[in-house]
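Overview (structure and organization)
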Amino acid sequence: MFENNFLTKLQRKFGRFAIKSLMMYIVGTMGLIFAVEFIMNINLVGMFAFDVNAIMQGEVWRVITFIFIPPGASIIFIFFALYLYWIIGSALEAQWGAFKFNIFYLCGMLGTIAAGLITGFATNFYLNLSLFLAFAILYPNFEIRLFFILPIKMKWMALVNVVFFAFSLVINTWPVRAALLVSIINIFLFFGKDFINIIKNKHRKAQWKRNNR
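Residues numbered from 1 in each chain as written. Predicted model: local features only at pLDDT ≥ 70, side-chain atom pairs only at ≥ 80, totals over all residues. Heavy atoms only, no water.

What follows is about the side chain of threonine 123. Topologically, threonine 123 is positioned in the loop between α7 (98–119) and α8 (125–138). With relative accessibility at 19%, the residue threonine 123 sits in the buried group. A polar atom in the side chain of threonine 123 sits 3.1 Å from the backbone nitrogen of phenylalanine 125. Ignoring any residue separated from it by four or fewer positions in sequence, one finds threonine 123 in contact with Phe66, Thr112 and Ala179. (Helix = DSSP H or I, 4+ residues; strand = E, 2+ residues; numbered from the N terminus. Buried < 20%, exposed > 50% of the residue type's maximum accessible area, 1.4 Å probe, protein only. Polar contact = N/O pair within 3.5 Å; in protein donor to acceptor, adjacent residues only side chain to side chain. Contact = heavy atoms within 4.5 Å.)

What follows concerns the pattern of salt bridges. Going through the model one piece at a time under the given rule, you end up with one salt bridge. Residues glutamate 59 and arginine 62 are paired through a salt bridge, measuring 2.5 Å at the closest nitrogen-oxygen approach. (Salt bridge = Lys/Arg side-chain N within 4 Å of Asp/Glu carboxyl O.)

Right, let's talk about unusual backbone geometry for a bit. Phi angles above zero are rare outside glycine, and serine 21 is one such case at about 55°. Structurally, the position occupied by serine 21 is in the loop between α1 (4–14) and α2 (22–40). Although it is not a glycine, asparagine 41 sits at a positive phi angle of roughly 55°. As for its placement among the helices and strands, asparagine 41 is situated in the loop between α2 and α3 (44–48). Note on asparagine 41: relative accessible area 71%, which makes it exposed.

Given below as structure tokens:
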């Protein structure tokens, strides 16, 4: 688990390299790739997707470019998804600062790449879901309008995603599980101490109630 003083030391040394508004660049690139594919009918996703064999043959850009693959092919869905990514990334950066948000995303990305090089499979899907879960932990009562219509709080959407994660771990192959586990580990790396404190507080409250009956 990352301690605040450890991150503070890192920030003193490397904070000047932090990319401000990181999610804006990621979302913007995703949108650009989608637009180019849609308008010009060029298979950029195929060119940018993570592929170990292609990487070993010299297409090293795939180690990074899979991060920018847009989440879906529907215009309505991608507009909603990119808008949500931008809100979440901007809120996390506002809460943590650019450096910590960069580290969170970088850890998830490097973990995904490492798992991909070992298993042959990597996707940005679970990495982006880890951003969603991080946002839900920090802002559980934040309300969004699902597809701009249905109001729903982040904690309920996060609960659905936790169930989805658990289900995915059961039904998927090990390469997919590895990509999923990396995103979960990244969450615990940054929020593990908070989870432990919550469990301890609940235990103390339960113990206090038993002793005061």
